[in-house]
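# Report on the structure
Here's the letter readout for the chains.
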Amino acid sequence: MSDIFREVDEEVRREQLQKLWDRYGNYVVVAAFLVVAGVAAWRGYSWWDAKKAAETGAAFEAASTLAETGKHSEAEAAFAKIAVDGTAGYRNLARMREAAELAQVDAKAAIAAYDKIAADGAVGPVLQDLAALRAGALMIDTASLAEAQRRLEPLTGNDRTFRHTARELLVLAAWRAGDTAAAKRWFDMIQADVLTPAATRSRVEMLMALGATASKS
(Lines give C-alpha, C1' and ligand atoms only; values in the text may rest on other atoms or scores of the structure.)
Protein backbone atom coordinates (compact mmCIF):
# COMPACT_ATOMS: atom_id res chain seq x y z
CA MET A 1 0.00 0.00 0.00
CA SER A 2 2.82 2.35 0.85
CA ASP A 3 4.29 1.77 -2.64
CA ILE A 4 1.13 3.07 -4.24
CA PHE A 5 1.21 6.24 -2.14
CA ARG A 6 4.90 6.74 -3.00
CA GLU A 7 4.22 6.42 -6.71
CA VAL A 8 1.33 8.86 -6.47
CA ASP A 9 3.52 11.29 -4.52
CA GLU A 10 6.31 11.08 -7.13
CA GLU A 11 3.82 11.60 -9.94
CA VAL A 12 2.47 14.70 -8.22
CA ARG A 13 6.00 16.08 -7.82
CA ARG A 14 6.76 15.44 -11.49
CA GLU A 15 3.61 17.27 -12.51
CA GLN A 16 4.50 20.20 -10.27
CA LEU A 17 8.04 20.33 -11.67
CA GLN A 18 6.71 20.17 -15.21
CA LYS A 19 4.36 23.07 -14.50
CA LEU A 20 7.21 25.07 -13.01
CA TRP A 21 9.41 24.32 -16.01
CA ASP A 22 6.64 25.25 -18.43
CA ARG A 23 6.20 28.52 -16.58
CA TYR A 24 9.79 29.47 -15.79
CA GLY A 25 11.92 27.29 -18.07
CA ASN A 26 12.77 30.11 -20.48
CA TYR A 27 13.96 32.28 -17.61
CA VAL A 28 16.19 29.48 -16.35
CA VAL A 29 17.75 29.07 -19.80
CA VAL A 30 18.32 32.83 -20.12
CA ALA A 31 19.81 33.02 -16.62
CA ALA A 32 22.15 30.11 -17.36
CA PHE A 33 23.23 31.76 -20.62
CA LEU A 34 23.92 35.06 -18.83
CA VAL A 35 26.03 33.29 -16.20
CA VAL A 36 28.09 31.50 -18.85
CA ALA A 37 28.44 34.68 -20.91
CA GLY A 38 29.45 36.65 -17.81
CA VAL A 39 32.13 34.15 -16.86
CA ALA A 40 33.47 34.14 -20.41
CA ALA A 41 33.49 37.94 -20.54
CA TRP A 42 35.30 38.18 -17.19
CA ARG A 43 37.93 35.66 -18.27
CA GLY A 44 38.39 37.54 -21.52
CA TYR A 45 38.79 40.84 -19.69
CA SER A 46 41.23 39.30 -17.19
CA TRP A 47 43.33 37.96 -20.07
CA TRP A 48 43.27 41.32 -21.86
CA ASP A 49 44.11 43.21 -18.66
CA ALA A 50 47.06 40.92 -17.89
CA LYS A 51 48.31 41.27 -21.47
CA LYS A 52 47.99 45.07 -21.31
CA ALA A 53 49.81 45.21 -17.95
CA ALA A 54 52.64 43.08 -19.33
CA GLU A 55 52.95 45.31 -22.39
CA THR A 56 52.94 48.46 -20.26
CA GLY A 57 55.53 46.99 -17.91
CA ALA A 58 57.81 46.19 -20.85
CA ALA A 59 57.31 49.71 -22.26
CA PHE A 60 58.09 51.26 -18.86
CA GLU A 61 61.28 49.21 -18.59
CA ALA A 62 62.32 50.25 -22.09
CA ALA A 63 61.68 53.91 -21.26
CA SER A 64 63.72 53.55 -18.05
CA THR A 65 66.60 52.12 -20.08
CA LEU A 66 66.48 55.14 -22.38
CA ALA A 67 66.66 57.40 -19.33
CA GLU A 68 69.59 55.50 -17.85
CA THR A 69 71.54 55.81 -21.07
CA GLY A 70 71.05 59.58 -21.20
CA LYS A 71 68.48 59.65 -24.00
CA HIS A 72 66.25 62.04 -22.10
CA SER A 73 64.10 63.34 -24.95
CA GLU A 74 63.33 59.82 -26.13
CA ALA A 75 62.65 58.67 -22.58
CA GLU A 76 60.35 61.62 -22.00
CA ALA A 77 58.33 60.76 -25.11
CA ALA A 78 58.14 57.09 -24.09
CA PHE A 79 56.94 57.91 -20.57
CA ALA A 80 54.43 60.40 -21.99
CA LYS A 81 52.95 57.64 -24.15
CA ILE A 82 52.64 55.32 -21.15
CA ALA A 83 51.00 58.11 -19.14
CA VAL A 84 48.25 58.22 -21.77
CA ASP A 85 47.96 54.63 -22.99
CA GLY A 86 49.32 52.54 -20.11
CA THR A 87 47.46 50.66 -17.41
CA ALA A 88 46.36 52.50 -14.27
CA GLY A 89 49.23 51.22 -12.16
CA TYR A 90 51.82 52.73 -14.49
CA ARG A 91 50.19 55.93 -15.71
CA ASN A 92 50.95 58.14 -12.72
CA LEU A 93 54.45 56.73 -12.31
CA ALA A 94 55.05 57.46 -15.98
CA ARG A 95 53.90 61.05 -15.48
CA MET A 96 56.45 61.46 -12.70
CA ARG A 97 59.22 59.96 -14.81
CA GLU A 98 58.22 62.09 -17.78
CA ALA A 99 58.60 65.23 -15.66
CA ALA A 100 61.95 63.99 -14.32
CA GLU A 101 63.27 63.51 -17.84
CA LEU A 102 61.92 66.89 -18.86
CA ALA A 103 63.86 68.44 -15.96
CA GLN A 104 67.10 67.37 -17.67
CA VAL A 105 66.45 69.69 -20.60
CA ASP A 106 63.81 72.24 -19.55
CA ALA A 107 63.39 73.02 -15.85
CA LYS A 108 60.44 75.37 -16.31
CA ALA A 109 58.52 72.82 -18.36
CA ALA A 110 59.32 70.17 -15.74
CA ILE A 111 58.01 72.41 -12.95
CA ALA A 112 54.80 72.89 -14.90
CA ALA A 113 54.50 69.11 -15.36
CA TYR A 114 55.07 68.50 -11.65
CA ASP A 115 52.53 71.20 -10.80
CA LYS A 116 49.87 69.40 -12.84
CA ILE A 117 50.52 66.19 -10.94
CA ALA A 118 50.54 67.99 -7.58
CA ALA A 119 47.15 69.53 -8.40
CA ASP A 120 45.61 66.21 -9.48
CA GLY A 121 43.78 64.66 -6.54
CA ALA A 122 43.34 61.41 -8.47
CA VAL A 123 47.03 60.52 -8.11
CA GLY A 124 46.83 60.40 -4.31
CA PRO A 125 48.46 62.55 -1.60
CA VAL A 126 51.84 60.81 -1.60
CA LEU A 127 52.53 61.36 -5.30
CA GLN A 128 51.05 64.85 -5.09
CA ASP A 129 53.50 65.75 -2.32
CA LEU A 130 56.40 64.14 -4.17
CA ALA A 131 55.58 66.14 -7.31
CA ALA A 132 55.36 69.35 -5.29
CA LEU A 133 58.67 68.52 -3.60
CA ARG A 134 60.44 67.99 -6.92
CA ALA A 135 59.00 71.19 -8.33
CA GLY A 136 60.24 73.03 -5.24
CA ALA A 137 63.68 71.48 -5.60
CA LEU A 138 63.91 72.77 -9.16
CA MET A 139 62.88 76.20 -7.90
CA ILE A 140 66.06 76.42 -5.82
CA ASP A 141 68.07 76.83 -9.04
CA THR A 142 65.52 78.71 -11.13
CA ALA A 143 63.63 81.08 -8.82
CA SER A 144 63.94 83.24 -5.72
CA LEU A 145 64.18 81.99 -2.14
CA ALA A 146 60.67 83.33 -1.50
CA GLU A 147 59.25 81.22 -4.33
CA ALA A 148 61.10 78.12 -3.17
CA GLN A 149 59.80 78.67 0.35
CA ARG A 150 56.26 79.15 -0.93
CA ARG A 151 56.49 75.80 -2.66
CA LEU A 152 58.27 73.80 0.02
CA GLU A 153 56.98 75.10 3.35
CA PRO A 154 53.55 73.41 3.05
CA LEU A 155 55.39 70.08 2.82
CA THR A 156 57.25 70.50 6.11
CA GLY A 157 54.35 69.72 8.47
CA ASN A 158 54.72 66.76 10.82
CA ASP A 159 52.00 64.88 8.95
CA ARG A 160 53.64 65.16 5.52
CA THR A 161 55.46 62.20 4.00
CA PHE A 162 58.47 64.11 2.65
CA ARG A 163 58.82 66.66 5.43
CA HIS A 164 62.47 65.84 6.17
CA THR A 165 63.54 66.33 2.56
CA ALA A 166 61.47 69.52 2.27
CA ARG A 167 63.18 70.98 5.34
CA GLU A 168 66.61 70.02 4.04
CA LEU A 169 65.86 71.68 0.71
CA LEU A 170 64.78 74.84 2.54
CA VAL A 171 68.10 74.92 4.39
CA LEU A 172 69.89 74.57 1.04
CA ALA A 173 67.75 77.26 -0.60
CA ALA A 174 68.36 79.70 2.25
CA TRP A 175 72.08 78.89 2.31
CA ARG A 176 72.39 79.55 -1.42
CA ALA A 177 70.49 82.81 -1.06
CA GLY A 178 72.75 83.90 1.80
CA ASP A 179 69.87 84.08 4.27
CA THR A 180 71.54 82.65 7.37
CA ALA A 181 68.56 83.37 9.62
CA ALA A 182 66.20 81.33 7.44
CA ALA A 183 68.77 78.57 7.08
CA LYS A 184 69.20 78.35 10.86
CA ARG A 185 65.43 78.29 11.42
CA TRP A 186 65.01 75.21 9.24
CA PHE A 187 68.23 73.70 10.58
CA ASP A 188 66.90 74.00 14.13
CA MET A 189 63.62 72.32 13.11
CA ILE A 190 65.56 69.44 11.57
CA GLN A 191 67.71 69.03 14.67
CA ALA A 192 64.72 69.18 17.03
CA ASP A 193 62.81 66.44 15.22
CA VAL A 194 63.86 63.09 16.70
CA LEU A 195 62.53 61.36 13.56
CA THR A 196 64.94 63.18 11.26
CA PRO A 197 67.02 60.57 9.37
CA ALA A 198 70.67 60.50 10.38
CA ALA A 199 71.80 61.12 6.80
CA THR A 200 69.67 64.26 6.55
CA ARG A 201 70.96 65.50 9.89
CA SER A 202 74.58 64.98 8.77
CA ARG A 203 74.11 66.79 5.48
CA VAL A 204 72.55 69.90 6.99
CA GLU A 205 75.18 70.00 9.72
CA MET A 206 77.88 69.94 7.03
CA LEU A 207 76.09 72.64 5.06
CA MET A 208 75.75 74.89 8.09
CA ALA A 209 79.43 74.34 8.93
CA LEU A 210 80.40 75.36 5.39
CA GLY A 211 78.26 78.46 5.76
CA ALA A 212 79.94 79.36 9.04
CA THR A 213 83.40 78.88 7.53
CA ALA A 214 82.53 81.01 4.50
CA SER A 215 81.23 83.84 6.69
CA LYS A 216 84.51 83.95 8.67
CA SER A 217 86.76 84.09 5.61
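Our structure's up above, just so we're on the same page.
These notes cover the structure that comes with them. Numbering of residues starts from 1 in every chain and runs along the sequence as written. For a predicted model such as this one, the threshold for reporting local features is a pLDDT of at least 70, and the threshold for listing and counting side-chain atom pairs is 80 or more; totals across whole chains, interfaces and linings nevertheless cover every residue. The basis for every side-chain value is the complete set of non-hydrogen atoms in the structure, without hydrogens or water.

## Section: the pattern of salt bridges
For salt bridges, the criterion is a side-chain nitrogen of Lys or Arg within 4 Å of an Asp or Glu carboxyl oxygen. Tallied over the entire structure, the rule returns 12 salt bridges. R203 is paired through a salt bridge with E168; the nearest N and O atoms lie 2.5 Å apart. Highlighted residues: R203 in helix α9 (residues 198-216) and E168 in helix α7 (residues 163-177), separated in sequence by 35 residues. For every residue, the accessible area obtained with a 1.4 Å probe (protein chains only) is divided by the maximum for its type, and the residue is called buried under 20%, exposed over 50%, and partly exposed between those limits. Residue E168 is classed as buried on the basis of its relative accessible area of 16%. A cluster of three or more residues bridged by salt bridges with shared partners is formed by D115, E147, R150 and R151. Labels follow the DSSP assignment, with helices taken as runs of H or I lasting at least four residues and strands as runs of E lasting at least two, numbered in each case from the N terminus.

## Some remarks on the side chain of T196
With respect to the helices and strands, T196 occurs in the loop between α8 (180-192) and α9. With relative accessibility at 7%, the residue T196 sits in the buried group. Any pair of nitrogen or oxygen atoms within 3.5 Å is treated as a polar contact; in protein, a donor-acceptor pairing is required on top of that, and neighbouring residues in sequence qualify only through side-chain atoms on both sides. Among the polar contacts made by the side chain of T196, one reaches the main-chain carbonyl oxygen of I190 at a distance of 2.8 Å. Within the local environment of T196, its side chain forms a polar contact with the backbone oxygen of D193, the two atoms lying 3.0 Å apart. Residue contacts are defined here by distance: any two heavy atoms, one from each residue, within 4.5 Å place the two residues in contact. Leave out the neighbours within four places in its chain, and T196 touches H164, I190 and R201.

## A few points about the environment of E98
Secondary-structure assignment places E98 in helix α3 (residues 88-103). On a C-alpha basis, the gap between E98 and A80 in space is 5.9 Å, while along the polypeptide they are 18 residues apart. In this view, E98 contacts E76, F79, A80 and A83; residues no more than four positions away in its chain are not counted.

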